[in-house]
Amino acid sequence: MDYKNLTDNFGVEVKNFDCSKKIEHDELNFLKKTIQDKHFICFKNQKLDGDTLATFTKNFGKLEAYPEKDKTKGKIEIFNVSNVSEDGVHLDSNDQRVILQKNNSRWHTDSSYRYLPSVFSILYGQETLPPEVEGGQTQFSNMLAAYDDLPEDKKNLLQPLHQVHSYNDIRRLEPSLPELTYEEKCNFPPVTHPIVRVHPDRNFRKSLYFTSNTSLEIGGMSLEQGKDLHKWLIDYISQPKFCYTHNWQKNDLIMWDNRVLLHRVIPYDYAKYRRAMIRGTVEGEVPVLGPFSNEVRLNNKT
Ligand SMILES: [Fe+2]
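Description of the structure in this document. Treat the numbers as computed from the prediction; the structure is a model and nothing was measured. (Residues numbered from 1 in each chain as written. Predicted model: local features only at pLDDT ≥ 70, side-chain atom pairs only at ≥ 80, totals over all residues. Heavy atoms only, no water.)

Regarding the overall build of the chain
Phase 1 of the analysis: Broken down by element type, the chain carries nine helices and 14 strands.
Phase 2 of the analysis: For the chain, whose C-alpha radius of gyration is 19 Å, the value lies close to the compact-globule estimate of 19 Å for 302 residues.
Phase 3 of the analysis: In terms of its C-alpha atoms, the chain occupies a principal-axis envelope of roughly 50 × 45 × 35 Å.
Phase 4 of the analysis: Taking all 302 residues of the chain together, the buried fraction comes to 55%.
Phase 5 of the analysis: Sequence separation of at least 24 residues holds for 80% of the intrachain contacts in the chain that already meet a minimum separation of 6.
Phase 6 of the analysis: Surface exposure of the chain reaches about 13,800 Å², of which carbon and sulfur atoms provide 49%.
Phase 7 of the analysis: Of the side-chain charges in the chain, 40 are positive and 42 negative, and the distance between the mean point of each set is 2 Å. (Helix = DSSP H or I, 4+ residues; strand = E, 2+ residues; numbered from the N terminus. Rg over C-alpha atoms; globule rule 2.2 N^0.38 Å. Buried < 20%, exposed > 50% of the residue type's maximum accessible area, 1.4 Å probe, protein only. Contact = heavy atoms within 4.5 Å. Areas by Shrake-Rupley, 256 points an atom, 1.4 Å probe, with all protein chains shown as cover. Lys, Arg positive; Asp, Glu negative; His and termini not counted. Charge placed at Lys NZ, Arg CZ, Asp CG, Glu CD.)

Some thoughts on the environment of I254
Phase 1 of the analysis: As for its placement among the helices and strands, I254 is situated in strand 12 (residues 253–257).
Phase 2 of the analysis: Those residues in contact with I254 that sit more than four places away from it in its chain are F40, I41, C42, S121, I122, L123, F140, H246 and W248.

Section: the state of the cysteines
Linking two cysteines covalently through their sulfur atoms gives a disulfide.
Phase 1 of the analysis: All chains considered together, the criterion is met by zero disulfides.
Phase 2 of the analysis: Summary of cysteine pairing: C42 is not part of a disulfide, and the nearest cysteine sulfur, belonging to C19, is at 9.6 Å.
Phase 3 of the analysis: Look at C42 and you get buried, because its relative accessible area is 1%. (Disulfide = S-S within 2.5 Å.)

What about helix 3 (residues 96–103)?
Phase 1 of the analysis: All of the buried residues in helix 3 are V98, I99, L100, Q101 and N103.
Phase 2 of the analysis: Considering only its buried residues, helix 3 is in contact with strand 4 (78–82), helix 6 (170–173) and strand 13 (261–265).
Phase 3 of the analysis: The backbone nitrogen of R97 has a side-chain oxygen 2.8 Å away, supplied by the residue at the start of helix 3, namely D95. (Polar contact = N/O pair within 3.5 Å; in protein donor to acceptor, adjacent residues only side chain to side chain.)

With respect to helix 8 (residues 223–237)
Phase 1 of the analysis: For helix 8, with 15 residues, the first-to-last C-alpha span of 21 Å sits near the 21 Å given by 1.5 Å per residue.
Phase 2 of the analysis: Buried within helix 8 are the following residues: G226, L229, H230, L233, I234, Y236 and I237. Buried positions in helix 8, seen along its axis, are confined to an arc of 160° and lie on one side of it. Of the residues in helix 8, the exposed ones pointing more than 90 degrees away from the buried face are D228 and K231. (Expected span 1.5 Å × (residues − 1). Arc of directions from axis to C-beta.)

Here's the deal with the coordination of the iron ion
Phase 1 of the analysis: For the iron ion, the full set of protein donor atoms is H108 (NE2), D110 (OD) and H263 (NE2), at a range of 2.2 Å.
Phase 2 of the analysis: Linear spacing of the donor residues for the iron ion on their chain is H-x1-D-x152-H. Highlighted residues: D110 in the loop between helix 3 and strand 5 (120–127) and H263 in strand 13, separated in sequence by 153 residues. We note that D110, like H263, is buried. (Donors = N, O, S within 2.8 Å, 3.2 Å for Na, K, Ca; no water.)

Notes on the sheet that holds strand 4
Phase 1 of the analysis: One open sheet holds the seven strands; their spatial order is 1-2-3-12-5-14-4, and the pairing between them is mixed. The open sheet terminates on both sides in strands that have one partner only, identified here as strand 1 (2–5) and strand 4. Direction aside, the axes of adjacent strands within the sheet are offset by 20° on average.
Phase 2 of the analysis: Summarising the sheet, strand 2 (residues 12–15) and strand 3 (residues 40–43) pair through three bridges and their orientation is parallel. The residue bridging V12 from the neighbouring strand is I41, located in strand 3.
Phase 3 of the analysis: Along the sheet, helix 1 (residues 25–38) contacts strand 1, strand 2, strand 3, strand 5 and strand 12; its crossing angle with strand 3, the most-contacted strand, is approximately 130°. (Pairing = 2+ DSSP bridges. Axes fitted to C-alpha atoms, helices over the stretch in contact; angles between N-to-C directions.)

Points about the side chain of R114
Phase 1 of the analysis: Relative to the helices and strands, R114 resides in the loop between helix 3 and strand 5.
Phase 2 of the analysis: Engagement of the side chain of R114 in a polar contact is seen with the side chain of E64, the distance being 3.3 Å.
Phase 3 of the analysis: Contact partners of R114, with chain neighbours within four places excluded, come to E64, A65, Y66, P67, F188, V191 and H193.

Digging into the pairing of strand 14 (residues 276–282)
Phase 1 of the analysis: Among the seven residues in strand 14, seven count as buried, and that is most of the element.
Phase 2 of the analysis: Here strand 14 shows no split at all, with A276, I278, G280 and V282 on one side and M277, R279 and T281 on the other all buried.
Phase 3 of the analysis: As judged from the five bridges shared by strand 4 and strand 14, these two strands associate in the antiparallel manner. When the sheet's bridge partners are listed, S82 is paired in strand 14 with A276.

A look at unusual backbone geometry
Phase 1 of the analysis: Phi is positive for N16, close to 60°, though the residue is something other than glycine.
Phase 2 of the analysis: By the secondary structure assignment, N16 is in the loop between strand 2 and helix 1.
Phase 3 of the analysis: A residue is classified by how much of its surface remains accessible, and N16, at 61% relative accessible area, is exposed.
Phase 4 of the analysis: Unusually for a residue other than glycine, N251 sits at a positive phi of about 75°.
Phase 5 of the analysis: A residue is classified by how much of its surface remains accessible, and N251, at 15% relative accessible area, is buried.

See below:
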């Protein structure tokens, strides 16, 4: 396995490692330590399908199932992040599956609308845009670095706040999406998470934790105040010093830690270019802790 850093503060690229084979114990320990320390890994030149991606993903935990039964893919645990259908047809720009991809161009962290949000996402590029074309990259921003760099007054302002995360609220941002079923709504009611996230497995370090692809409400603030704060956060975390932009090559497999990184796709011409990816997602097992969560206060880490 060949290994190199992608930026000064996060991300590595791995070559000469086959993710479709059985991963040995020592290799898995190395990958777990690497994703913990570096938050992003790109495995080059992989050959995967839905089944082998699912097998690889299960090395890191349980697979998460998608909230909308069979609306966007064949298998409920492998998501099509794609403007191409299961049977290879380039979808119309107004197709709901493409609209969901457009929503991914807003900064977010996967599955934040769950009480137990996902830990890792693992995304395989089956069809990628030509390198000379604008857009289609996936951009990441490091929320540990972004929190550390905040001015003290902003840290104090953000510490007690929670954001609302609601899967159903994607429909407010993208009104042409069809209604969720009653059952889907009941399965995914709105949740709140602290905007400052505490990481017990990183010596109680703090990071920012918010999204802009579902709800924009912040507890204790009017909608307008919440939107203004949101806008400030988006501008702040978009600074190049916190970001890495992944320029896709076909057969890249990228893996990231949703607890630390926000991500977004850079918009591209959805009607002109095909972009087909499949994603396995590792289920979260613990809720998001904030500075005022009991588990944190009892450890005197506030
Ligand atoms: Fe995403």
